Every structure is written in structure tokens, then in C-alpha cells.
Amino acid sequence: MKLKLGRFTSTFSAEYEQVLVDHIKDLSNRCMPLMKKEFLKLAYDLAEVMKIPHRFNKEKGSAGKHFYYDFMKRHSDISLRAPESTSMMRAVGFNKPQVDLFYDNLEKLMKQYKFTPSRIYNCDETGVSCVHKHQKVLAPKAIRQVGKLTSAERGKNITVLFCMSANGHYIPPFFVFPRQRMNERLMVNAPAESIGVAQPKGWMNSDFFLQYLRIFVKHTQPTKENPVLLLMDGHCSHKTLAVINFCRENHIHLMSSPPHTTHKLQPLDRTFMKPFKDAYSQRCDLWIRTNAGCRITDYDIAGLVKEAFIKVARLDIAVSGFKCTGIHPFDRHLFSDLDYLAADMTNIPLEQTETSSNALNNEQAVVISNIIIEEQMKESEQSISEPITTSPKPSTSTAPDLVQIIHNLSPLPDAAKTRTAARKRKSERSEILTSSPYKKVAEEKENEKNMKDKKKEIKSKFKVAMGGKGKQTKRIKTKGKSVDKGKEATNVRPKGKKGSEVEPLTETSNTNITICVVCLEDTDEDWIQCSSCRGWVHEACADIPECGDGFICDRCRLF
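These numbers were taken from a predicted model, which means no experiment stands behind them.

Chemist: Looking at this structure, I do not really get the packing of aromatic side chains. What am I missing?
Modeler: Any aromatic ring pair is given by two values, namely how distant the centres are and how the planes are angled relative to each other. Within this structure, the stated rule accounts for 24 aromatic pairs. Ring centres 5.9 Å apart and planes at 70° place the aromatic pair Phe12 and Phe67 in the edge-to-face group. Residue Phe12 is found in the segment before helix 1 (14-29), and its partner Phe67 is found in helix 3 (residues 65-74); the two are separated by 55 residues along the sequence. Note on accessibility: Phe12 and Phe67 belong to one class, buried. Residues Phe272 and Phe309 carry aromatic rings whose centres are separated by 6.4 Å and whose planes lie at 70° to one another, so their mutual orientation is edge-to-face. Linking Phe272 in helix 9 (residues 267-290) with Phe309 in helix 10 (residues 298-312), this pair joins segments that are 37 residues apart in sequence. The same class applies to Phe272 and to Phe309, which are both buried. Here the aromatic cluster, defined as three or more aromatic residues joined through ring pairs, consists of Phe12, Tyr16, Phe39, Phe56, Phe67 and Phe71. The ring of Tyr68 has Lys36 sitting right over it, with the charged end atom 4.4 Å from the ring centre.

Next comes the structure, spelled out in C-alpha cells:
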């Protein structure tokens, strides 16, 4: 028997504390860790529910600092840390079904074409700016705030597209400058054979990506016997019909990664981008120190990117990037269940059946906790007059119930119930973009886009025929004529014979002409006004016997 010194002992037994430790680790793996105050409140609530004697502060409803320090000392595998911000979409997007589909597509292509490391490439965009990020510097302790010069308070974002293979081959980068027109001076001191283009916002689009693919073909030389696999994210500029047809003609197999998973599945994001950004910031610091009193402009970006690119474009970075993502060597079991825990809160089971072994609801948990409390009170009736300094050890039968009680006090995140409704927009996933099924989907999208463009063109012609939307004067509907509101009967549109030609409306014309939005003619007939666009239609063109309320013309129904 182990002797205890002093009259104070720990509030919870080892079994109780182990349940608390497991709960802390579980929430941390789900990217929703407990704060210090939340943990102390959980310890207080657990002691109150389990009727464990304690010395916690009942006014604040929280455990004290002495309990916290003793608990942290007994469990050295837990520490108080500052968390990094993790996007909700990234945490939820990296789930097992999506990742399994990615590896299924990759395995299918690898078995069919047997790609070697020199024929597997990954491309991705990143942004650089003339306002770089600072690293830690040396400065006196007495100074409260340490400053460091930058070129401006806020800089423009310049897109740079990088591409590397699994054996360490790098394609020259592709620059997209936020300008209206391209200037050759922007590419001074740029990496050899790199290309620069201009776009008002500095964004990548399908035309620029198609232009980059031509450079990619020049450097990789894909053939039917020796094709190339290109991995990339699912950005819309990478999935147009023109891009797919070009890749199919040049023996390039495109494959997209699931949305919001590039931080795990993209080699460039895993091993290249962070060293490149650090090297770029170092070069910017050196440039400002060397060129005192000068600012970094868009004309200096290409040279700074070249210096950072030369430093970072190494063989070991490329090889480790494809290895840590399980692409080459192929390893679909690289990620464990802990990696998918953050997305577990939104997982919806295929079949939600209620059995006796399912998780208990809140009412059942309350009943079980009351039973446990009654049993503990019966056990302590004999020694109720003596102070109890230790908590009862939970037996093997009550351990699962204790876990459920803790989950009731500090519930695990679960958003599956809010996601059971059907989504309005179909979620993206990993696709083989050059496959025939996806090509058909791209063709359908292209046809839909062309139809929308035609509708817009027809709509603009209607506006021109009507004199411009919003420029029509409000008219009072009368039988056989249209009169401007607030004007005399002399402004009634001129009558004419059916089918007679009417002089078109011009800016110098003072006569109000009403044009039918269906036949685009001005004839003396009975009229009816559309309740949506406020345009006028012949009753004969509207195909109704007489004027009625709530009429909507064919043009509004179409659009």
C-alpha cells in the first residue's frame, strides 16, 4: 500500500483523469480544442454531477489554479498551446470518401499508363507582392515596438504558376501581372524561358492556362507511347472544354484534387510554397537594404522571384513533396483515421438506424447519471460523517457511462443533422478531366453557356428596340391606344393601318411610339401591358381574347 503524505489528495482518481485526458485529445484532433477556462469548468461540472467532494470555487463554477497545475504536471503529454487558424472548409473538405476517390482515380491512371516519376507533374498558383512579410529580427529589449521598412502599406497581388515533377524537374514559372497591358520591362531578370501576361486583376483564367499548357508541352514532349500526368486543383480555369481538348490531343492526362484538400494532397503546397515564400521575403529584405530609399515595384518582382526560385527549386523538395502526399511512391493508406477526425463532425451516415447499441441521448444520459449517483450515495451512507478525500473509482461497467456523461457536459461537434437537407449546388470532387465522361459534362456546360450568351444578346436587342430599359414613359392602358400619364389626349400614339410601316423612333423625334415587344412593329391595334417588364404587346400577338390583369409576355417568361 502506497503511503500518502498530507491531508489533501487529488479530486479525481486516475481513471477519471484519464477520461478527461482522452476527451481533451479527441477535441484537439477535431480542430476544436478546449480553452483553459472551458477545461476548468468541465472539471467542476463533472465533480458536481458525480457528487465528488471537491474544493473548487462554487461561486465561479470553476476549478482552481492548483488543480490545473497539478493536473498538467501529472499529464506531461498535454500542454497549453496557441492554435493555428484552420479554415472550416479545409477541415471539413479533407474527409475519407473524397480522399479515397482521389486515390482511386490516381491508381486507375497509374495502372493503365504506368507513369514514371519523370512523367508525373503537379502545377499550382501562388501570389507574390511588393509588400513582403517580415521574419524575426534582433533589436534591443528596451524598445517596445520594432519597425521594419516595406515598399507600401498594401501591395498588388501577382499570380505565379509553378510546376514540378516527381523526379525534380521544374517548368519555368508563368506570371500574371495586374495590369491592362503587358510591358516587356516587367520580365527583366525573370527566370529563363518564363512567360508573363497582363490581366486587370492579376488572376489566372482559362486562356492563360491554355497558353501555359503549350509551354508545358514544349518542355515535357508528351507522346502516345510516353504520356504525361498533370495533377492540379479544381479551379474553373483548369476545366474548360478548350483545355480538355488540347490535353487529349497532346497526350496529357489531367486530374484534379478534391476541393479544400491541397494542403494535404498537393506536393507544391506541402514542400515548395513555404520555402519559396520565405526565400522571397529574404530577397525583398536584402533588396530594400541594398537600395536604400527605393521601393519595390512590379518591375522588380520577376527578378526577386528568380532568385528565390533558384534557391528553392531543388531535387529533394520535389521528391519529398510527392512522397508525403502518397502520389509517388503510391501509398493510399498514408493518412490515418486521426487525419479525418476534423471532418467527422459533418459526416452523414448512409443509413441512420436506431439500435440499443447507439449513442445515448441526453435524457438517457441523465437517467444513467442519476442511477450512478444513487449507487454512490448508498455506498457512502456508512461513512457519511467522515470527510471523503478521494473520488470513487469507476468500474469497468460504469466507464462507458462516464464517457457519455462527459460528452453531455462537453459535447463533441456534430453538424451532420444540419447537413441532411439537399444541397442546392453539387459539390466538387476529384475528377480525371481528360476522360470521356467528364468531357461530355464539359460540353454540356459549354452549350449552356452559349445559350445564356445568346439569350443575353436577344435581350439586349429587345432593349434597343424598346428604346432602352427604364427609359419608357409610364403609360395609361386604354382600349386601342396608349397615352402618357399626366399628359393630354393630343399625345396619343398615331393610328395607322395594320401592317403599315411606321417611322423608327429617333432621338430627334417628338412623337411617342409604342413598339410591340413580340413582333417589334408599331400598328394600330388593341394593346396589353406586361406586368413584369412594363412593355406593350398587341393582343393578337399575346394570343388572348381581351386585356387582362397579370399578363406576362413571352420575353419575360423566357428570361
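Chemist: What is the right way to look at the confidence of the model for the chain in this model?
Modeler: Detailed conclusions should not be drawn from predicted coordinates in areas where pLDDT is low. Confidence in the prediction of the chain, expressed as mean pLDDT, is 78, and 74% of residues score 70 or more. Counting interchain partners and residues more than four positions distant, the pLDDT-below-50 stretch residues 348-369 has twelve contacts. pLDDT under 50 marks residues 376-397. Its contacts with residues more than four places away, or in other chains, come to 27 contacts.

Chemist: Would you explain the pattern of salt bridges in this entry?
Modeler: When the charged atoms of two side chains lie near each other, side chains of opposite charge can form a pair. This structure, assessed with the given rule, holds 13 salt bridges. As a salt-bridge pair, Glu107 and Arg332 come within 2.8 Å of each other at their nearest N and O atoms. Taken together, the residues Glu107 in helix 5 (residues 96-113) and Arg332 in the loop between helix 11 (315-323) and helix 12 (362-379) connect sequence positions 225 residues apart. Under the relative-accessibility criterion, Glu107 is labelled partly exposed at 24%. Across the pair Arg314 and Asp316 runs a salt bridge, and its minimum N-O distance is 3.2 Å. Accessibility expressed as a relative area gives 45% for Asp316, which makes it partly exposed.

Chemist: Hey, could you run me through the packing of helix 1 against helix 2 (residues 36-49) in this one?
Modeler: When two helices pack together, their arrangement is given by the angle between their axes and by how far apart the axes lie. At their nearest, the axes of helix 1 and helix 2 sit 12 Å apart, and the two run at 140° to each other. Along this stretch, helix 1 crosses helix 2, giving a crossing that reads as right-handed. Contacts from Tyr16, Leu20, His23 and Ile24 in helix 1 reach Phe39, Leu42 and Leu46 in helix 2.

Chemist: How should unusual backbone geometry be read in this particular structure?
Modeler: Most peptide bonds take the trans configuration, and most residues that are not glycine carry a negative phi. Note that the residue after His328, namely Pro329, is joined by a cis bond; omega there is -5°. Structurally, Pro329 is set in the loop between helix 11 and helix 12. Positive phi is not limited to glycine here, since Lys114 has a value of about 50°. Considering the arrangement of structural elements, one finds Lys114 in the loop between helix 5 and strand 1 (120-128). A relative accessible area of 63% means that Lys114 is categorised as exposed. For His260, which is not glycine, the phi torsion reads 65° and is therefore positive. Assignment of secondary structure puts His260 in the loop between strand 6 (252-256) and helix 8 (262-265).

Chemist: Help me out: how do you make sense of the nonpolar core in this one?
Modeler: By size, the foremost hydrophobic cluster in this structure holds 49 residues, and its most contacted members are Ile120, Phe162, Leu229 and Phe272. Sorting the residues of this core by element identifies helix 5, strand 1, strand 2 (158-165), strand 3 (170-178), strand 5 (228-232), helix 9, helix 10 and helix 11 as the ones contributing at least two each. Among the elements that take part in this core, helix 9 stands out by supplying eight residues, more than any other. With residues up to four places along the chain from it excluded, the contact list for Phe272 reads Phe162, Tyr170, Pro267, Phe309, Val312, Ala313 and Ile317. Counting residues in each nonpolar core, the second largest holds 30 residues, with Tyr212, Leu213, Ile215 and Tyr438 among its members.

Chemist: Explain the pairing of strand 2 to me, please; I cannot follow it from the model alone.
Modeler: Put simply, side chains in a regular strand alternate between the two faces of the sheet. Where burial is concerned, most of strand 2 is hidden: eight out of the eight residues are buried. Residues Ile158, Val160, Phe162 and Met164 of strand 2 are buried on one face, and the alternating residues Thr159, Leu161, Cys163 and Ser165, pointing to the opposite face, are buried as well. Pairing of strand 1 with strand 2, which is carried by eight bridges, proceeds in the antiparallel orientation. Of the residues in strand 2, the one forming a bridge with Cys123 is Cys163. Where strand 2 and strand 3 come together, five bridges link them in antiparallel fashion. Looking at strand 3, one finds that Leu161 is bridged to Phe174.

Calculation notes
- Residues numbered from 1 in each chain as written.
- Predicted model: local features only at pLDDT ≥ 70, side-chain atom pairs only at ≥ 80, totals over all residues.
- Heavy atoms only, no water.
- Phe/Tyr/Trp six-rings, centres within 6.5 Å; stacked < 30°, edge-to-face > 60°.
- Helix = DSSP H or I, 4+ residues; strand = E, 2+ residues; numbered from the N terminus.
- Buried < 20%, exposed > 50% of the residue type's maximum accessible area, 1.4 Å probe, protein only.
- Lys NZ or Arg CZ within 6 Å of the ring centre and 35° of its normal.
- pLDDT = per-residue confidence, 0-100.
- Contact = heavy atoms within 4.5 Å.
- Salt bridge = Lys/Arg side-chain N within 4 Å of Asp/Glu carboxyl O.
- Axes fitted to C-alpha atoms, helices over the stretch in contact; angles between N-to-C directions.
- Left-handed = near helix turned anticlockwise from the far one by under 90°.
- Core = buried A, V, L, I, M, F, W, Y, C linked by side-chain atoms within 4.5 Å.
- Pairing = 2+ DSSP bridges.

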